[in-house]
Amino acid sequence: MAKTLGQPLFANMQYCVRCCMPSSNEGIEFDEMGICRACFSAEQKMHINWIEREKSLRKLLDYHKSLNRDYDCIVPISGGKDSTFQLHVVTKVYGLRALAVTFSHNWFTETGKYNLQNCLEKFNVDHIVFTPNRNLVNRIARQSLVKIGDSCWHCHSGVGAFAMQIAVKFNISLLIWGESAADLSGRSSYFDPVIKFDRDYFTKMSAKVGPEEIAGDTISARELSPWRLPSVEDIERVGVEGIHLGDYIFWDDERQMEFVRDVYDWREDRVEGTYKGYKSVECIMAGVHDYTKFLKRGFGRGTDHASVDVRAGLLTREEAFELAKKHDTERPDALDYYLQITGYTEAEFEAVMLKHRHALNIKGLSDAEFAQAVEEYRSESGQK
């Protein structure tokens, strides 16, 4: 039996005493008892008056419908299970005239392509999609690793910027996303959003830098126009605001996935870096994105999902640590493709990630502690 069975991967890093979330998670806060904000939010969620929140959602939607514009709202969709559930709620429950908008990362899986087309046909909505060319995506993916420490800046930034561009162009005042930031990240709670929706919401949440910082010798500013945010004046003129349905209706990933699977033929598949088959199933690069988080911060999506399942009572904390270690430490097969399209060698890739980890200077995650913990776990588990 492994010496660390049921224990976290890094012995000297602080973890939430209830779930598996480490102190290296961006924006995390622990209370005096060592409980993280995501666990606190999960408690809040059980005591919220969701009937009152739904009333406020209905009032907000009625206001935007009363503007009597060509479309009542934009629903940004990727083909994930949230996309299908968002369109179900928006069109079937509330009867809004929605424009679906997709910023394509150009890394779609076959399952993702099916799910995206399937939800468009099931809900019969108009759809606008923007797909940056393959060569540009490859060059940005290389730059992204240096600038923000993961492979996916073009997606992080594009999902926000392109949707806002369409909102301004088509005079649509409401953008509707799915899951609340309070549900997973622990960077906000249901009563304290911390980062409120505005023009720069996705830059602050995930993209971290604007297109002007991605532009350089190999990428011109002109090529990055799809990632350019509309002006403050244009956003105010149209009255653009954004909401997450999960702040207004009780959000349960597992139940919603079962619902869209059974009712709308939405499909799961294997996703690298986790044991759940429905998160980011539309993207071939999900495993690389989450592996870079592990190399920077010592945890990946396995920890995210295991912690959610602990909060939901589906796993013990010890079971969750085992799942997290297994999936966080796995080298994703998609890394070979990422190295191919960016021109990095694996040694160069690891060197860039090492710089990012050094810059974070996380207690309990020195080079020696990281190498020893990962090597010991891989040896004990038989992982390559």
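Before any of the text, the structure's been laid out above.
Since we're looking at a predicted model, the values are computed, not measured. (Residues numbered from 1 in each chain as written. Predicted model: local features only at pLDDT ≥ 70, side-chain atom pairs only at ≥ 80, totals over all residues. Heavy atoms only, no water.)

Student: Report on the overall build of the protein chain, specifying residues and quantitative values.
Tutor: What the protein chain contains, in helices and strands, is 17 helices and 5 strands. Overall size of the protein chain, expressed as C-alpha extent along the three principal axes, is 65 × 50 × 40 Å. Put simply, the protein chain has 384 residues, and 56% of those count as buried. Accessible surface for the protein chain amounts to roughly 17,300 Å². Of this, 50% is attributable to carbon and sulfur atoms. When the 48 basic and 57 acidic side-chain charges of the protein chain are each reduced to a single mean position, those positions are 2 Å apart. (Helix = DSSP H or I, 4+ residues; strand = E, 2+ residues; numbered from the N terminus. Buried < 20%, exposed > 50% of the residue type's maximum accessible area, 1.4 Å probe, protein only. Areas by Shrake-Rupley, 256 points an atom, 1.4 Å probe, with all protein chains shown as cover. Lys, Arg positive; Asp, Glu negative; His and termini not counted. Charge placed at Lys NZ, Arg CZ, Asp CG, Glu CD.)

Student: Help me get a handle on the environment of Asn-68, residues and values and all.
Tutor: In this structure, Asn-68 sits in the loop between helix H2 (50–66) and strand E1 (73–76). Classification of Asn-68 as exposed rests on a relative accessible area of 68%.

Student: Go over empty space enclosed by the protein with me, naming the residues and quoting the values.
Tutor: This structure, assessed with the given rule, holds 2 cavities of 30 Å³ or more. Within this model, the largest cavity holds a volume of roughly 80 Å³. In this structure, the largest cavity is lined by Pro-8, Leu-9, Tyr-15, Cys-20, Gly-298, Phe-299, Thr-303, Phe-321, Ala-324, Lys-325 and Asp-328. In terms of residue count, the dominant contributor to the lining of the largest cavity is helix H14 (residues 317–328) (4 residues). The class makeup of the residues in the lining of the largest cavity is 7 nonpolar, 2 polar and 2 charged. Of the pockets and cavities examined, the second largest cavity occupies roughly 40 Å³. Looking at the second largest cavity, the residues that line it are Gly-273, Gly-287, Asp-290, Tyr-291, Phe-294, Gly-300, Arg-301, Gly-302, His-327, Asp-328 and Glu-330. Listing elements by their share of the lining of the second largest cavity, those giving two or more residues are helix H12 (286–297), helix H13 (301–311) and H14. (1 Å grid on protein atoms, 1.4 Å probe; cavity = no way out; pocket = protein on both sides within 12 Å on 5 of 7 lines; lining within 4 Å. Points joined across faces, edges and corners; volume = space filled by probe spheres on them. Nonpolar A, V, L, I, M, F, W, Y, C, P; charged D, E, K, R; others polar.)

Student: Got a sec to walk through helix H11 (residues 253–264)? Specific residues and values, please.
Tutor: Spanning 12 residues, H11 covers 16 Å between terminal C-alpha atoms, matching the ideal 16 Å at 1.5 Å per step. Listed as buried for H11 are Asp-253, Glu-254, Gln-256, Met-257, Val-260 and Tyr-264. The elements touched by buried residues of H11 are helix H3 (81–93), helix H4 (110–123) and H13. Put simply, Asp-252 is the residue that caps the front of H11, since its side-chain oxygen is 3.2 Å from the backbone nitrogen of Glu-254. Asp-265 lies just past H11 and shows a positive phi near 60 degrees. (Expected span 1.5 Å × (residues − 1). Contact = heavy atoms within 4.5 Å. Polar contact = N/O pair within 3.5 Å; in protein donor to acceptor, adjacent residues only side chain to side chain.)

Student: Any chance you could break down the layout of surface pockets for me, citing the residues and the numbers?
Tutor: Counted as a void, the second largest pocket has a volume near 490 Å³. What lines the second largest pocket is a set of 23 residues, among which Lys-45, Trp-251, Asp-252, Val-308 and Ala-312 lie closest to the centre. Breaking the lining of the second largest pocket down by element, the ones donating at least two residues are helix H1 (37–47), helix H7 (181–184), H11 and H13. Partitioned by chemical class, the residues of the lining of the second largest pocket number 11 nonpolar, 1 polar and 11 charged.

Student: Explain the nonpolar core to me, and be specific about the residues and the numbers.
Tutor: Most often, soluble globular proteins have nonpolar side chains that are buried together. By size, the foremost hydrophobic cluster in this structure holds 45 residues, and its most contacted members are Phe-10, Cys-36, Trp-107, Phe-294, Tyr-338 and Phe-349. Sorting the residues of this core by element identifies H1, helix H5 (134–148), H12, H13, H14, helix H15 (334–342), helix H16 (346–360) and helix H17 (367–381) as the ones contributing at least two each. The biggest single contributor to this core is H15, with 5 residues. Excluding anything up to four places from it in sequence, Phe-349 contacts Leu-145, Tyr-291, Thr-292, Leu-295, Leu-335, Tyr-338, Leu-339 and Tyr-344. Counting residues in hydrophobic clusters, the runner-up holds 35 residues, among them Phe-85, Val-89, Trp-251 and Val-260. (Core = buried A, V, L, I, M, F, W, Y, C linked by side-chain atoms within 4.5 Å.)

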